[in-house]
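Each chain is listed here by its residues.
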Amino acid sequence: MEATQQLPAKEAMRNLYASYQPVFLQVLDLMEQKLKTVISLPSNPTYKSRIKSFESYYKKVLRKKSEDAASRTLVPLTDMIGIRVICAFLEDLDVVEKQLQAAFDVTEIERKGNDQTVKEFGYESVHVLVKIPKECMPSMPQPVLPEDTVVEIQIRTILQDAWAEVEHELIYKSEFNPFDKPLRRKLASINASLTLADIIFQEIRDYQKKLQNELDFRRNTFYEKADIVTGDALPDAKPAVAVPPPESIVDTSPYTKGTIDDLVLEALHAHNTGNLQKAVHIYTQILESTPQPPAIVQSVILKHRGMAYFAQNRYDESLADFKQSIVQDPKNFRAYYYEGIVYSVQGNEKDAIKSFDASIELNAYHSHVYYRRALSYFNLGDYQKALADLDAADRLGLKSEDAQLLRAKLMKKFDMSL
């Protein structure tokens, strides 16, 4: 009889738990708002929030065999209030975890799935328990939450979350037959495939970042070279400050080994470290490969090779590559822009302006093209058009000392004509 009296009254617990629901929901809403100000990622994460259902709460309390289960007080569980932060890439998980540690009072961090063997399947997730900050606590909450109430913040990738959702339905909610080995093997295979996909997505992300660093460096050196060669128009311009080339990215993505991507990476790094002959050789190797790359790929490679020729002062070959790049992809606005720069370097400002016009027609939001065209107009003595282009570049956000210097020289020309 005494044992029966110690059992928790389910309906009484249900009513007690329900009385806390409005407070839970307010805390949940305030915490999610705070998280969106705390978490900062290049790819915006998504958020899922939930209050633990009473049935799940009740089962867990019974499993815990809490002494408070039969009392009239709320038994606090760590996952009553939960928010899931779903990220695009594996690298984001560590970033979010650090941002949570900096912004909240963290009581525990658990990495689900770390203890699984290669033969096991299960979801992976980082669970961070945080105390509820004062600003996320409702004013005068009724009823008052227990002092040790926490919010569970789960951090997962999109694929980890997809697996967890399916696993929850297939396994957690059902009486899974432990003797059904073929089905277990299939589930383990799916889990392994999703894990591998996450790793490959991250590798591609790393590849893109490093590739972009190489491209940015090469493009900047091209512009610096053009500024130096055309410096006669602006003799007071400050020389560009050299920036060290990016760390080599060759061999960092083994899944691209032997592909055009791999060759492009190698050529770009050779280009950026001054080994221009090697870069030209690799670009040529790609262009002469059998079967030939698609036209859009040829356009990109020709543009790269043209920039390498430009860096060697081989302006005729550079111009020929930019022209051929345009033939392969008539919408390649950068190739028109680079063609215009070569014309300008050669002193052919009229053809340079035609190339800049074509680039702007394809992409009217590239501020540097307006600056370059302004410089060509200045060299031709058309100061009104030069000023109009500088104004356009300024409206597009170009912040350049050379552009400011050109504007100052234009103002002097206008003063002299008065």
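Scoring rules and cut-offs
Residues numbered from 1 in each chain as written. Predicted model: local features only at pLDDT ≥ 70, side-chain atom pairs only at ≥ 80, totals over all residues. Heavy atoms only, no water. Helix = DSSP H or I, 4+ residues; strand = E, 2+ residues; numbered from the N terminus. Buried < 20%, exposed > 50% of the residue type's maximum accessible area, 1.4 Å probe, protein only. Areas by Shrake-Rupley, 256 points an atom, 1.4 Å probe, with all protein chains shown as cover. Patch = residues over 30% accessible without salt bridge, like charges linked within 9 Å, V, L, I, M, F, W, Y side chains within 5 Å. Salt bridge = Lys/Arg side-chain N within 4 Å of Asp/Glu carboxyl O. Core = buried A, V, L, I, M, F, W, Y, C linked by side-chain atoms within 4.5 Å. Contact = heavy atoms within 4.5 Å. pLDDT = per-residue confidence, 0-100. Phe/Tyr/Trp six-rings, centres within 6.5 Å; stacked < 30°, edge-to-face > 60°. Lys NZ or Arg CZ within 6 Å of the ring centre and 35° of its normal.

### A short note on the overall build of the chain
No. 1: Each helix and strand in the chain was counted, giving 15 helices and five strands.
No. 2: Here the chain holds 418 residues, and 45% of them are scored as buried.
No. 3: Put simply, the chain shows about 23200 Å² of open surface, and 53% of that area lies on carbon and sulfur atoms.

### Thoughts on a nonpolar patch on the surface
No. 1: Residues Leu196, Ile199, Ile200, Phe201 and Ile204 make up a contiguous nonpolar surface patch of roughly 400 Å² in combined accessible area.
No. 2: With respect to the helices and strands, the residue Leu196 is situated in helix H6 (residues 181-229).

### A look at the nonpolar core
No. 1: In terms of nonpolar packing, the biggest core is built from 39 residues, with Phe24, Met31, Leu35, Ile39, Tyr57, Leu100 and Val151 touching the most fellow members.
No. 2: Sorting the residues of this core by element identifies helix H2 (10-38), strand S1 (46-51), helix H3 (54-64), strand S2 (81-87), helix H4 (90-103), strand S4 (125-131) and strand S5 (150-157) as the ones contributing at least two each.
No. 3: If one sorts the elements of this core by residue count, H2 sits on top with 10 residues.
No. 4: Among residues more than four places away in sequence, those in contact with Val151 are Val27, Met31, Thr78, Ile81, Ile83, Val128, Leu129, Val130 and Ile132.
No. 5: In terms of nonpolar packing, the next biggest core, distinct from the first, is built from 35 residues, Ala226, Val342, Val369 and Phe414 among them.

### Concerning the confidence of the model for the chain
No. 1: Overall, the prediction assigns the chain a mean pLDDT of 84, with 83% of residues at 70 or greater.
No. 2: Low pLDDT (under 50) marks residues 1-5, which in the prediction has zero contacts with non-local residues, meaning those over four places away or in another chain.
No. 3: Taken as a whole, residues 239-257 scores under 50 in pLDDT and shows 35 contacts with residues more than four places along the chain or in a different chain.

### So, the packing of aromatic side chains
No. 1: Applying the stated criterion across every chain, the model contains 14 aromatic pairs.
No. 2: Between Tyr17 and Tyr57, the aromatic rings sit 4.2 Å apart at their centres with planes inclined by 20°, giving stacked as the arrangement. Placement of the pair is Tyr17 in helix H2 and Tyr57 in helix H3, with a sequence separation of 40 residues.
No. 3: Tyr57 sits in the buried class, given a relative accessible area of 2%.
No. 4: Ring geometry for Phe310 versus Tyr315: centroids 5.4 Å apart, planes at 55°, classification tilted. Residues Phe310 and Tyr315 agree in their burial class; the two are buried.
No. 5: Three or more aromatic residues joined by ring pairs make a cluster, and in this case those are Phe222, Phe310, Tyr315, Phe322, Tyr337, Tyr338 and Phe356.
No. 6: The aromatic ring of Phe104 is capped on one face by Lys34, whose charged end is 5.6 Å from the ring centroid.

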